Structure formats: structure tokens, C-alpha cells
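Descriptive analysis of the structure
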Amino acid sequence: MSRVRLGVNIDHVATIRNARGGDHPDPVRAAALAVAAGADGITAHLREDRRHIRDDDLKRLMAALTVPLNLEMAATDEMLAIALGCGPHAACIVPEKRAERTTEGGLDVLGQQPGLRPVVAQLTARGCRVSLFIEPDPDQIEASAAIGAAVVELHTGRYAHLSGEAQAAELARLAAGATLAAARGLEVHAGHGLTFDNVAPVAALPEIAELNIGHFLIGEAVFTGLGPAIGEMRARIDRASTGSA
Ligand code: PXP
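Residues numbered from 1 in each chain as written. Predicted model: local features only at pLDDT ≥ 70, side-chain atom pairs only at ≥ 80, totals over all residues. Heavy atoms only, no water.

Details of the pairing of strand E3 (residues 69-73)
Among the 5 residues in E3, 5 count as buried, and that is most of the element. Residue alternation in E3 divides its side chains into two sets, Leu-69, Leu-71 and Met-73 and Asn-70 and Glu-72, and both sets are buried. Here 4 bridges tie strand E2 (residues 41-45) to E3, and the two strands are oriented parallel to one another. If you follow Ile-42 over to E3, its bridge partner there is Leu-69. What joins E2 to E3 is helix H3 (residues 55-64), and the crossover it makes is right-handed. Across 4 bridges, E3 lies against strand E4 (residues 90-93) in parallel orientation. Paired with Leu-71 across the bridge in E4 is Ala-91. (Buried < 20%, exposed > 50% of the residue type's maximum accessible area, 1.4 Å probe, protein only. Helix = DSSP H or I, 4+ residues; strand = E, 2+ residues; numbered from the N terminus. Pairing = 2+ DSSP bridges. Right-handed = clockwise from strand over helix to strand, strands pointing away.)

Brief notes about the pattern of salt bridges
Considering all chains together, one arrives at 19 salt bridges under this definition. If you follow the salt bridges from partner to partner, you end up with Arg-17, Asp-26, Asp-56, Asp-57 and Arg-60 in one network. (Salt bridge = Lys/Arg side-chain N within 4 Å of Asp/Glu carboxyl O.)

Some thoughts on the environment of Leu-123
Among the secondary structure elements, Leu-123 is positioned in helix H5 (residues 113-125). Look at Leu-123 and you get buried, because its relative accessible area is 0%. Separated by 99 residues in the primary sequence, Leu-123 and Val-222 have C-alpha atoms spaced 36 Å apart. Discounting chain neighbours no more than four positions away, the residues touching Leu-123 are Met-73, Leu-80, Ala-83, Leu-84, Ala-91, Ile-93, Cys-128 and Val-130. (Contact = heavy atoms within 4.5 Å.)

Side note on the packing of helix H6 (residues 138-146) against helix H8 (residues 164-183)
In contact at an axis separation of 10 Å, H6 and H8 are set at 20° when each is read in the N-to-C sense. Taken together, H6 and H8 sit at an angle that is classed as roughly parallel. The two elements H6 and H8 meet at a crossing, and its hand is right-handed. On the side of H6, the interface is formed by Pro-138, Ile-141 and Glu-142, while H8 contributes Gly-177, Leu-180 and Ala-181. Looking at the contact of H6 with H8 residue by residue, the class counts come to 4 nonpolar, 1 polar and 1 charged. (Axes fitted to C-alpha atoms, helices over the stretch in contact; angles between N-to-C directions. Parallel < 35°, antiparallel > 145°, perpendicular 65-115°, else oblique. Left-handed = near helix turned anticlockwise from the far one by under 90°. Nonpolar A, V, L, I, M, F, W, Y, C, P; charged D, E, K, R; others polar.)

Re the sheet that holds E4
Around the barrel, 8 strands lie side by side as E1-E2-E3-E4-E5-E6-E7-E8; this closed barrel has parallel pairing. With direction set aside, neighbouring strand axes in the sheet form an average angle of 25°. Running at roughly 175° to strand E6 (residues 151-155), H8 makes contact with E6 and strand E7 (187-191) of the sheet.

A look at the site of the ligand
Residues in contact with the ligand amount to 14 residues; listed here are only the nearest, Glu-72, Glu-153, Gly-193, Gly-214 and His-215. Asn-9 is positioned with one of its side-chain polar atoms (N or O) 3.4 Å from an oxygen atom of the ligand. At 2.5 Å from a nitrogen atom of the ligand is found a side-chain nitrogen or oxygen belonging to Glu-153. Considered on its own, the ligand offers 400 Å² of accessible surface; in the complex 95% of this is hidden by protein. (Near = heavy atom within 4 Å. Polar contact = N/O pair within 3.5 Å; in protein donor to acceptor, adjacent residues only side chain to side chain. Areas by Shrake-Rupley, 256 points an atom, 1.4 Å probe, with all protein chains shown as cover.)

Below, the structure written as C-alpha cells:
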């Protein structure tokens, strides 16, 4: 039976820390708690504006983590140099706009192949598993395979914000995207906007190997604590992905 990996995104622990400019709460401490609660990996996004995770957090995560680190990054020269310098287990390339509140929409791999191909090649040569964060769009999936990515992370943000029939249609698009990506030899991840209520149908898609979840878990931790929030998410993913009751 498959067991979908859970990557916990700790960015918003740093968001809270940065609100007061001090050291608390420490995202590295949160990462250790997340691992103890069942996370298979830690995800962190070093944004160009350093609004949450900072360079020093990345260094400390690399030194302290006992599980793989998935570094989310824009395909800029600065971020490429940082990723090549620290060599995280995985690098997930995301589109980044200064004014956005979070990663809006997927990467336009099809339109940016000449720029992205060497970034994928350099990170891969450094030993990183390179993932491209894309909409579940067949053209973007084909382009991701064509430029040599090992992984695609399918953007579940649209799915998460819809309901009823529209959500079912978006789930069908994710399912078809996952099937196509796997057929092209890509490992399939998914994430963005996932919660206790909407995670199961995505976790149940047979090609999904990993889910990356952040904002909901850190928010839920306010009420129940980080360990129980992650434990509950872990249980829901396990039930959905292994078909157990
Ligand atoms: N995957 C990617 C590529 C992301 O950019 C994010 C948000 O940082 C997530 C997953 C997690 O999304 P959320 O915080 O909504 O769970």
C-alpha cells in the first residue's frame, strides 16, 4: 500500500516570528516538532523579499534536519547560487511576484523553457531533486518532462478554493495531470491550500507521492498545537492514500 509523504512547510512560523523582529517562534524548532509528529520532510520557501524564511534559517535547517529539506525558490540567479551553495535534498521552483500574498498560480514552464532548463540542469547536477510547481495543465506537464525535471508539484490552490461541482471538476483535472505526469516518468507531488477537509481526495490520487502543506497546519497549531495538527493531517493522508477506513 502506498503511503504519501507529508512535507510540512514551516514558512509561517517565521512569519509570526518576524512580526516582532525577534527569535521566537523559531522555525527550526518547529521543524523538529513536525518531524517528531510524522512529517517526512520539511519545506521552506526563501523568498526574494525574505518575508518569512531568512538565509540564516536555511543554514540552520540544513545543519539540524534529520529528514529531507525541500527548498522552494524562484528561478533567479541569487536563489540558484544559494541552492547550489547549500545543496538541499530537493528544490521546488515556484513563480514569485513581489506583491503576491502567497505563490499564485503555477510556473509557466512552457513559456520559460530556455531560462528554466539550465537551472534544472545545475540543481540536478548538484544532487537536488528538482520539482516544478505547475498547474495541472497537460502542456506544462509535457514541458516539465522535456526540460529534465524529476518531479512536478501540482498546484492545488484552485481546487482548495472551489466547492461542489467546480471542485470535482478541478479534482478531475488534477487526477488527469497526475496520470500524465507519471506516464512521462515524473514523480508527482501536490500542494497549496490543503486542509483537513479537502486533503483526502488529493491524497487518494494513486500517482501522488508527496503533499506539501503549510498555512493550514500552522494556523491549526494555534488551537491544538503543532504535533496534534500534523498528527491528524498525517492520519487523514494515510487513510486516504492506503484506502484504510
Ligand atoms: N507547495 C508550494 C510550491 C508552495 O509554494 C506552498 C506555499 O508556500 C505550499 C506547497 C504550501 O501551501 P499552503 O501553505 O497553502 O499549505
